[in-house]
Every structure is written in C-alpha cells, then in structure tokens.
Amino acid sequence: MKKVRTRRRFLHQAALSGAGMVAMPAIARSSQSANGRIRIGLVGLGGRMRAHIASLVRIADEDNVEIAALCDCDRKRLETAPKDYPELADLKYVTYTDQRKLFDDKSIHAISFSTQDHWHALQTIWACQAGKDVYVEKPPSWCIWEGRKMVEAARKYKRMVQVGMQNRSNPFVREGMQKLREGVIGKLYMARAISYKIRGNLGKHRPTPVPEGLDWDAWVGPAKMVEYSPFMHRRWYWISNFASGDAANQLVHDVDKVRWGLGLDLAPTTVMSLGGRFPPAEDDDADTPNTQAAICQWAGRNLLVTVETRHWYTNSEAWMRDKYPFVSPNQCVGEIFFGTEGFMIFPNYSSYYTFLGPHNEPGPCGFADPQPDWWTESIPHFKNWIAAIRSRRHEDLNADILEGHISTTICHLMKISCLLGRSVHFDPKTERFDNDREADKYLKREYRPGYEVPETV
C-alpha cells in the first residue's frame, strides 16, 4: 500500500495555521481599534511561562502584539525575569505582585495565565469581569463546577478565553483529525489515551520559613492553607489541594484529542477508574495517583475510551516511544484511534500515522520536520487566540473554554471515580451525578475567605 506523507516545515506552517484572519470589529473596551496593538499581561512566571513568552515574542510584529506587563506573587521571580526569560531583556513592561491591580490596568487588553491549577478558575473569572481576554493553561479548573463558572464568565462578558490545549492548533494534528472524519481507518469504535512518564519519588513535605519576597497567602489563594515547604511550592502538580495529579496534567491533552477525534460533544455518562500510589514512589508525600486506568462510555454511542497513566518503567504502545518519540526515550505519550480498517496514532503534538489492514501497512501520515520544541510548539495556538480577540467570535477559538471544560470534566470524573473506588454515572447536561450524593460532594470545593469562586459570575 502506498505511503502518503504530508511533510512541511513547522514554523512556516505555524504562521498559516488555525488563525483564520477575518474582518475585525473593535477589540475590547480598552482598545480603539481591532487593528491596533494588543497589549498582554503575563501572570505566573514558572516553567510553562517560557512557552507563552517565546510564542508571543515570535508573533509580536506580524500579529501586532506586545508583552506589556508581568505579574507574580514572588518578587524575586519578577526581578530575575529578564535572566530567566532572555526574550524579555529588551522589552519594556510594568510589573505587579497583585494580579487584581494588573486587571485594573485599562491599557492591558488580554491576560496569559501560567499558574497553578487551583488558581485558574478564579483568576480567569476576575480577568473576564475586568474586560480582559484570557489564555489560561490546562487544565482550566480544579473541579467540574469551576469549569462551568469559567464558561459562564466568558460568555457573559464576551471574552475570548483560550485553554492551553495547543494540540488543537497544530496543523498536523488538525490534518490527522480531518483524516479520521474522512474515514481513513474506517468506522471508529475505540480510542486510547496514554501517558507514561518516569516521575519517581517526588519528595517530602518539610515545612520551612517562607522565602523572602514570596506572598505565600496569595500563592495558596483559593486552596486550603498549608505550611510552606519547597515540596508544596514545587511539587504542587501532584498534591490534591492544588491540582488533580497526572489525570489532569499530561492526560488532559490526550483525553481532549480523543474526544475531538471521536466527535464527542459532551462528557461521558459512565466512568470507572482505579489507581493509587505504587512503588517506588510510595514513600513521598504526593497524594494523587501515579498509576491510574479508566474506562469511559457515552450514552447513545457504540464506542469505548480507555485512559491510562504510569509513572515508572514500562513498555511502549503502538511504537509511540521507540519509533515515534514524544520528547525523550523514556516517555510514551499519545493517543490511538481504532477503526474497522486500521488504526491511527498521534505520538506527539505535531504528527499522526496510520496503519491499515491486518498487516499494519503504513497509510497516510503527517509530521513536522524538524519537530517543534517545547517553547515554539504553542505558536499556532497563540496566533489563533489573537485572531479570535480581533474577530470577537469565540467560535474562532481552537480551544474555547467550553471545549476545555468538557475535556477536563472527563479527567475530574476519573479522579472522582478513583477516590470513590467505583463507577460513577454522570448527567453531562446538568453536570451532576445520577442520584449519587456521595459523588456530588466532589463537584465543588471549599474556598478560603476572600478567594471564593462566585456562584454568580
């Protein structure tokens, strides 16, 4: 069978992909013209912010945007920002330690958040209320209820809220999804999302004095107050007070692509998930599963979705590590779609491959050459966000907050099922469980005074 390739240079394609330039009415309340310069504030100067900065700097001239403000509750991070992010060295920007003051700045049109999961909902709502468009990292919410409030705020204030599910803007991923819809592997009946990354032992919580310059109260924000420790500060991804662990860290990308590829517009109705913390990381103080598996089904759809994460040594699946690596040889991450005529894999953020018939003969594929790095692979996604800011149509966003909310809901359902140790049955229209008060308790969290996500946004 003939092998069809669609090989293109990534950066050239990035400039053309997913951004859909259209006629441009007025931007936001603080801008004079949709053709005017869009001034962006950045909140949360952590590792992921490097991709935000690298993307925005590279599109600055072509898309007429600028990084105009930085905000972090750690003064030292603001002081070292030009060193930590060399792209900032020649830029002029103002700094804030209080994000609410940044939101009050009328000269800022949009905010890009790279903060902890437990902060995403409240700060997105605050920014929408202040008339700012938003780019918020994945996962957008800590719990299901928060995600719905984010959607409500985006619609009420007519804000363009893009979720950092950057796969949705990659030209090769988009091409692969179109091939699925065209039936390249026949009728779809199953999909699998996996994330196998070596995490190892994450450490212990040993309280120490709060470092000079860090506002720990502001960092903890809506979550339950805990004593400071480097473990809490740096390993928050795997602490349930602040995040949902690997179920909503890497896997949210993979679950999102599975839902996209299968054309699932709602959350599943049944989820069964089991997992826990298993050796050799059993002696650390992280409290989210490092090994977890889930099965998901949708009402009225004759298909099955499985999801799995592992944290230690493992085999590859469908060559998605050994032949088609993600980032490093020790990581097996991606999605597998199964059809009546073959299967398709998305082994990273910028390629797809198909294998057809009983002998797995190579079929159509598309891949970037060279592969984009962590810091430039988000360029198409930021370009798409900027285009939607100008068009003022949330339908133009590749990862609108509603899409991000639905996909993240699947991850939260996995988390809840695992906590309960049994299946959960969910109504995706009401976003509550079917006669299950025990499960309903996990839909929302308790907030610290002053940091409450509002019932009415």
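Our subject is the structure that appears above.
Definitions and limits used
- Residues numbered from 1 in each chain as written.
- Predicted model: local features only at pLDDT ≥ 70, side-chain atom pairs only at ≥ 80, totals over all residues.
- Heavy atoms only, no water.
- Axes fitted to C-alpha atoms, helices over the stretch in contact; angles between N-to-C directions.
- Helix = DSSP H or I, 4+ residues; strand = E, 2+ residues; numbered from the N terminus.
- Parallel < 35°, antiparallel > 145°, perpendicular 65-115°, else oblique.
- Left-handed = near helix turned anticlockwise from the far one by under 90°.
- Contact = heavy atoms within 4.5 Å.
- Pairing = 2+ DSSP bridges.
- Nonpolar A, V, L, I, M, F, W, Y, C, P; charged D, E, K, R; others polar.
- Disulfide = S-S within 2.5 Å.
- Patch = residues over 30% accessible without salt bridge, like charges linked within 9 Å, V, L, I, M, F, W, Y side chains within 5 Å.
- Areas by Shrake-Rupley, 256 points an atom, 1.4 Å probe, with all protein chains shown as cover.
- Salt bridge = Lys/Arg side-chain N within 4 Å of Asp/Glu carboxyl O.
- Buried < 20%, exposed > 50% of the residue type's maximum accessible area, 1.4 Å probe, protein only.

## As for the packing of helix α2 (residues 49–63) against helix α12 (residues 379–391)
Angle between the axes and distance between the axes: these two values describe a pair of packed helices.
Logical step 1: The contact between α2 and α12 brings their axes to 9 Å, and the two run at 55°. The orientation of α2 with respect to α12, classified from their angle, is oblique. Remark: the crossing between α2 and α12 carries right-handed chirality. Packed against α2, whose contacting residues are Ala51, His52, Ser55, Leu56, Arg58, Ile59, Glu62 and Asp63, the element α12 presents Ile379, Phe382, Lys383, Ile386 and Arg390 at the interface.

## A look at the sheet that holds strand β5 (residues 110–113)
Logical step 1: Ordered in space as β4-β3-β2-β5-β6-β7, the 6 strands form an open sheet in which the pairing is parallel. Looking along the sheet, the strands with just one partner apiece sit at the ends: β4 (94–96) and β7 (161–163). On average, adjacent strands in this sheet sit at an angle of 25° to one another, irrespective of strand direction.
Logical step 2: Seen against the sheet, α2 touches β2 (38–43), β3 (65–71), β5 and β6 (133–136) and runs at an angle of roughly 150° to β3.
Logical step 3: In the packing of α12 onto the sheet, the strands contacted are β2, β3, β5, β6 and β7, and the crossing angle to β6 comes to about 160°.

## What to know about the packing of helix α8 (residues 171–182) against helix α11 (residues 251–262)
Logical step 1: α11 packs onto α8 with a crossing angle of 40° between their chain directions and a minimal axis gap of 9 Å. In this view, α8 runs oblique relative to α11, as classed from their interaxial angle. Facing Val173, Arg174, Met177, Leu180 and Arg181 of α8, the residues of α11 in contact are Lys257, Trp260 and Gly261.
Logical step 2: Its residues placed into classes, the contact of α8 with α11 shows 4 nonpolar, 1 polar and 3 charged.

## Structural notes on the state of the cysteines
Logical step 1: A complete count under the given rule lists 0 disulfides for this structure.
Logical step 2: The thiol of Cys73 is unpaired, and the distance to the nearest cysteine sulfur, on Cys71, comes to 7.8 Å.
Logical step 3: Here Cys365 is not cross-linked by a disulfide; its sulfur's nearest cysteine counterpart is in Cys332, at 18 Å.

## Structural notes on a nonpolar patch on the surface
Logical step 1: A contiguous nonpolar patch, built from Val327, Trp374 and Trp375 and spanning about 250 Å² of accessible area, is present on the exposed surface.
Logical step 2: Locating Trp375 in the fold gives a position in the loop between β15 (361–368) and α12.
Logical step 3: A residue is classified by how much of its surface remains accessible, and Trp375, at 32% relative accessible area, is partly exposed.

Any functional reading would require information beyond the geometric quantities listed.
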